[in-house]
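# Examining the three-dimensional arrangement
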Amino acid sequence: MPFPRASVGLARSTMSSSTIVAYALGERSRRVAAVAADGETVLAVGTQRLLGNNFVHFLAHDRDRYCLVNRGLYKHHPGEIWDLQPCPANAALVATLYNPSSGTGDHGGAVWRVPETTAGDSDSNQSLESIASFTGLAGAARCVRWQVGVGVGVDPQRDVSVSGTIATLDHNSLKIWERDASASTTMALAAESHLAESAAGFAIENPSSGAWDPHARANFAVVTGSGVAIFDTRVMQISSKITRVSHNSQTVLDCDYDQKKQHALSTCGDDGVLRSWDLRNPESAVAVHHGHEHSVFSVRINPVYELTASVSADGTARLWRDESGEGGGWANSRDAAKRSNQNRTDGNALVETYGSLGGGSVYGVCWSAQDPWAFATVRQDGEVALRQVPRAEK
């Protein structure tokens, strides 16, 4: 995917002992996501202008100059971008959810193609090409998650390896979408669950985030209220749940599955605490990490190493060592229950703190798709930072 622009960011240090590279978008943002590019770390970042067009920036890590380089800046729908995720199998495709441009109150969403560029093109004058839209989103839609290579919902055997399966969460429903090679400009709704009707006594309200299970690939976790509901998308019913993450019923804001361990999920929320769970015994967390001084907006588990990154309203990003279990997963459910009963608070689990307290809320975080020792964050004012795991931890 060629990008002709080459605006350059800066290298600098923060309260962390590690040097970071940073890039200022110059406008508000909440989401950063890794792009599956060959050979280099590439990030997609969506903007949140209140008026006029918003944009998706593509930033690349230039290792020779040790900086972030803007490889592309493309016009998006005028609405503020609340979530985005590039296709894991095709770097030229990205899915977004955004504010409505009319007074309906219902958010919009679409899959976009990054246009081809040639020498001399001004990519800031180019627009993302809408491939297919998500129709029928109700109210606020804040989560879009792309899974490639497996069909789910009403037709679990369908081959959708080219375009993939996408989950969205809006105000009252989990929707599963598919798009094949047809010329349709609308995503096909493969399955839907109205959350309140599926709850069976479990309060589901205003879902804020979600995640596909990389091990049980039909399962999708829905973060809602003070808990997490795991949906089996083959039947669109709740198969398991964490009824209440914290004892004081604080709101859960995000979750992430561990790609290295089955049944392993991490959560974060308004109480400023990270928790690790074994979903075979969801009554109590296997590890609890304190350190943030305000709400934790997002958590991401390293896909290779026993590390977790989190970002918070306290102005910091933090790196944690995962001490909830061995890399291959917990030995058995009895071991998981034992760990849950201990409910450990590991004082030495915090590896590094990045940023400065009170420096502005940090909303988004992702691990590089190419470098497992690097993760990116985005602050509300649009500062994108690429951060390195300390050498002592490698």
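Note: the structure precedes this text.
Residues numbered from 1 in each chain as written. Predicted model: local features only at pLDDT ≥ 70, side-chain atom pairs only at ≥ 80, totals over all residues. Heavy atoms only, no water.

### Focus: the overall build of the chain
Formally: In this text, helices come from DSSP runs of H or I with a minimum length of four residues, and strands from runs of E with a minimum of two, each type numbered from the N-terminal end. Relative accessibility under 20% of the residue-type maximum defines a buried residue, over 50% an exposed one, and the middle range a partly exposed one, all with a 1.4 Å probe and only protein chains included. A 1.4 Å probe and the Shrake-Rupley method give the accessible areas. Residues count as covered only by the protein chains that appear here.
The secondary structure content of the chain amounts to 2 helices and 31 strands. In the chain, which comprises 394 residues, the proportion classed as buried is 57%. Surface summary for the chain: the accessible area is close to 15600 Å², and the carbon and sulfur share equals 46%.

### Describing the packing of aromatic side chains
Stated formally: Working definition: a ring pair exists when centres of Phe, Tyr or Trp rings (six-membered ring for Trp) sit within 6.5 Å. Plane angles under 30 degrees give stacked, over 60 give edge-to-face, the rest tilted. Lysine NZ or arginine CZ positioned within 6 Å of the ring centre and within 35 degrees of the ring normal marks a charge as sitting over the ring.
One pass over the full model with this rule turns up 8 aromatic pairs. Considering the side-chain rings of Tyr-354 and Phe-375, the 5.4 Å spacing of their centres and the 85 degrees angle between planes classify their relative orientation as edge-to-face. Taken together, the residues Tyr-354 in strand S28 (residues 350–355) and Phe-375 in strand S30 (residues 374–379) connect sequence positions 21 residues apart. Among the aromatic residues, those joined into a cluster by ring pairs are Tyr-354, Trp-367 and Phe-375. Seen from the ring of Tyr-363, Arg-30 lies directly overhead, with NZ or CZ sitting 3.9 Å from the centre. Above the face of the Trp-82 ring, Arg-142 is positioned so that its terminal group lies 3.7 Å from the ring centre.

### Section: the environment of Val-222
Tracing the sequence through the fold places Val-222 in strand S17 (residues 219–224). Accessibility expressed as a relative area gives 0% for Val-222, which makes it buried. Separated by 53 residues in the primary sequence, Val-222 and Leu-169 have C-alpha atoms spaced 8.1 Å apart.

### Looking at the sheet that holds strand S25 (residues 307–312)
Keep this limit in mind: For two strands to be treated as a pair, DSSP must find no fewer than two bridges joining them. For helices, the fitted line uses only the C-alpha atoms of the stretch in contact; every axis is such a line through C-alpha atoms, and the angle between N-to-C directions lies from 0 to 180 degrees.
A sheet is described by the order of its strands in space; here 4 strands give the open sequence S24-S25-S26-S28, paired in antiparallel fashion. Unpaired on one side and paired on the other, strand S24 (296–301) and S28 mark the two borders of the sheet. Mean inter-strand twist for the sheet, computed between neighbouring axes without regard to direction, equals 15 degrees.

### Here we look at the pairing of S28
Burial of S28 is extensive: 5 of the 6 residues sit out of reach of the surface. Pairing of strand S26 (residues 316–321) with S28 involves 5 bridges; the strand directions are antiparallel. Pairing of Thr-316 across the sheet is with Gly-355, part of S28.

### Focus: the sheet that holds strand S12 (residues 143–147)
Taken together, 4 strands build an open sheet; the order of strands is S12-S13-S14-S15 and the sheet is antiparallel. Lying at the two open borders of the sheet, with one neighbouring strand each, are S12 and strand S15 (188–194). Along the sheet, successive strands turn relative to each other by an average axial angle of 15 degrees, direction set aside. Both strand S14 (residues 173–178) and S15 contribute to a ladder of 6 bridges, which runs antiparallel. Counterpart to Ile-176 in the pairing with S15 is Ala-191.

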